[in-house]
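The residues making up each chain are set out below.
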Amino acid sequence: MSDNLSNIFFNGGKNPIYDFANLLKTGFQNPEGITGSVKVHIPEHPDQSFIARYSDELHIEPCEALQETDTLVSIPMATMERIATDFEFLDWRDPEIIGTITFEGNLNLANHLAKSCQRPTDVTTALFQRVGKLHREKGYSNLTEVERLNCPTQMQVLERIEAGCPTIITGLEPSSSSGNWSLDKLAERYGVAVVRVRSATQRQTMREFVEELQAFEQNPYEEMVEGFVKPYTEGASLPEAMWADFGPLFFDREDFTPPQLWLGSVPTNIPTSSLHRDPQTGFLLQVMGQKRLDLYSADQEALLYPHKAYNNYQPCWFKPEVPDYGLYPEAEKAKCISVTLNPGELLLQPAGWFHQVYALDSPNMSVSYFWRY
Ligand SMILES: [Fe+2]
């Protein structure tokens with residue numbers, strides 16, 4: 001079978017199917033040796049449907065009629081066009097994208113392919129290179145502790161961002177209810193605010209979410225069956241009503257991306273966010289319980305096996321919580337700084353630091369936002 005895309009797809013001019021297949025092929029990585037095949041079906045052009053076959057690289061093959069595959073993905077032409085042009089910003093969770101695609105069979109393979117379509121902007125690539133150089137010059141891989149700064153000024157915060165130096169900010173002005181937060185207090189104060197939207201018809205208010213969480217707390221995680229939805233808001237938009245108490249500090253609201261809420265109960269031995277890095281300076285405000293972050297400086301990039309294809313954040317193949325040094329031998333040399341964040345503390349994390357996050361207890365609540373500059 002030929003895998004030269006020009007032999008498979010019409011490419012005289014613009015063909016989004018060709019562009020899409022090319023993104024899949026050039027962004028594909030498979031360090032874990034996953035095997036399988038995915039049929040990509042285009043309802044408007046069934047004759048241009050194709051098969052993506054997993055190997056060390058991805059083989060794109062024309063699709064024979066009735067050929068069986070492990071996974072079938074049907075993508076309308078309009079969505080394919082959007083993916084083929086918007087790969088730098090594409091978010092698969094966008095209902096306008098995910099809501100138009102149908103899947104059958106092994107979803108793991110489809111998931112893996114979806115990631116191969118993403119690409120960083122030139123700005124992000126240049127930023128990560130610059131930050132890597134800065135961290136090397138500053139020797140950040142040898143840092144053993146993150147400094148705590150009590151009541152810093154805006155200027156001090158800017159200096160830390162400039163130096164790319166993570167910092168825990170303490171002594172924050174307590175928010176209006178004295179900073180001593182509990183689930184009951186959240187339910188009482190923001191009862192009707194919507195904190196979780198799971199579909200067009202499933203919206204949960206703070207009061208409903210807290211009730212679910214309190215009921216859940218009676219049953220330990222071990223008793224849960226596979227496939228249940230964990231009571232965790234996973235970075236949902238912070239409701240407007242909560243901005244005053246937990247909204248961005250030190251700069252104006254417009255200087256930040258919309259805050260995200262991380263509230264609920266999660267297992268303490270599985271990261272709430274697996275190893276990745278962000279191209280913007282992040283702030284993480286701890287509200288209830290403790291979180292631990294393991295930070296790796298950007299100059300250790302080659303030791304952590306970051307994905308080649310990514311866009312708004314860069315995940316790593318290496319998973320420190322289940323380290324496989326056979327597959328990722330360089331990772332044994334990686335050094336991290338562990339930071340424990342207590343309620344009322346704010347972690348300033350300049351762009352480019354690799355990190356993974358654990359909730360150390362439950363219920364746990366944090367609010368995060370990114371500085372736009
Ligand atoms: Fe992050």
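About the cut-offs
Residues numbered from 1 in each chain as written. Predicted model: local features only at pLDDT ≥ 70, side-chain atom pairs only at ≥ 80, totals over all residues. Heavy atoms only, no water. Phe/Tyr/Trp six-rings, centres within 6.5 Å; stacked < 30°, edge-to-face > 60°. Helix = DSSP H or I, 4+ residues; strand = E, 2+ residues; numbered from the N terminus. Buried < 20%, exposed > 50% of the residue type's maximum accessible area, 1.4 Å probe, protein only. Lys NZ or Arg CZ within 6 Å of the ring centre and 35° of its normal. Donors = N, O, S within 2.8 Å, 3.2 Å for Na, K, Ca; no water. Core = buried A, V, L, I, M, F, W, Y, C linked by side-chain atoms within 4.5 Å. Contact = heavy atoms within 4.5 Å.

S.K.: When you look at the packing of aromatic side chains in this model, what are you seeing that I'm missing?
M.R.: Both the distance between ring centres and the angle between the ring planes are used here to describe each pair of aromatic rings. Taken as a whole, this structure holds 17 aromatic pairs when the rule is applied. Judged by centre distance (6.4 Å) and plane angle (40 degrees), the ring pair of Tyr232 and Trp262 falls under tilted. Taken together, the residues Tyr232 in the loop between helix H9 (206-217) and strand E10 (236-237) and Trp262 in strand E11 (residues 260-264) connect sequence positions 30 residues apart. Judged by relative accessible area, Trp262 falls into the buried class, the value being 18%. Centre to centre, the rings of Phe256 and Phe283 are 5.6 Å apart; their planes meet at 85 degrees, and the pair counts as edge-to-face. Remark: Phe283 occurs in strand E13 (residues 282-288) and Phe256 occurs in the loop between helix H10 (243-246) and E11; sequence separation between them is 27 residues. Seen from the ring of Trp181, Lys185 lies directly overhead, with NZ or CZ sitting 5.4 Å from the centre. Its end group placed over the ring of Trp243, Arg253 keeps NZ or CZ at 3.4 Å from the ring centre.

S.K.: Would you mind going over the coordination of the iron ion with me for this structure?
M.R.: Put simply, a metal with four donors set out as a tetrahedron has ideal angles of 109.5 degrees, and one with six donors set out as an octahedron has ideal angles of 90 or 180 degrees. Bound to the iron ion on the protein side are His276 (NE2), Asp278 (OD) and His355 (NE2), at distances that span 2.1 to 2.2 Å. Read in sequence order, the donor residues coordinating the iron ion give the pattern H-x1-D-x76-H. One end of the pair, Asp278, is in the loop between strand E12 (273-277) and E13; the other, His355, is in strand E18 (residues 354-359), with 77 residues separating them in the sequence. Side by side, Asp278 and His355 carry an identical accessibility label, which is buried.

S.K.: Explain the nonpolar core here, please?
M.R.: Here is a general trend for soluble globular proteins: nonpolar side chains tend to be buried in one another's company. By size, the foremost hydrophobic cluster in this structure holds 33 residues, and its most contacted members are Leu186, Met242, Phe246, Leu263, Phe283, Met365 and Val367. When residues of this core are traced back to their parent elements, those giving at least two are helix H7 (154-162), helix H8 (183-190), H9, H10, E11, E13, strand E17 (346-349) and strand E19 (364-370). Those residues within four positions of Phe283 in sequence are excluded, and the remaining contacts are Val157, Ile161, Phe251, Phe256, Leu346, Leu347, Leu348, Val367, Ser368, Tyr369 and Trp371. In terms of nonpolar packing, the next biggest core, distinct from the first, is built from 31 residues, Leu24, Leu58, Ala114 and Cys117 among them.

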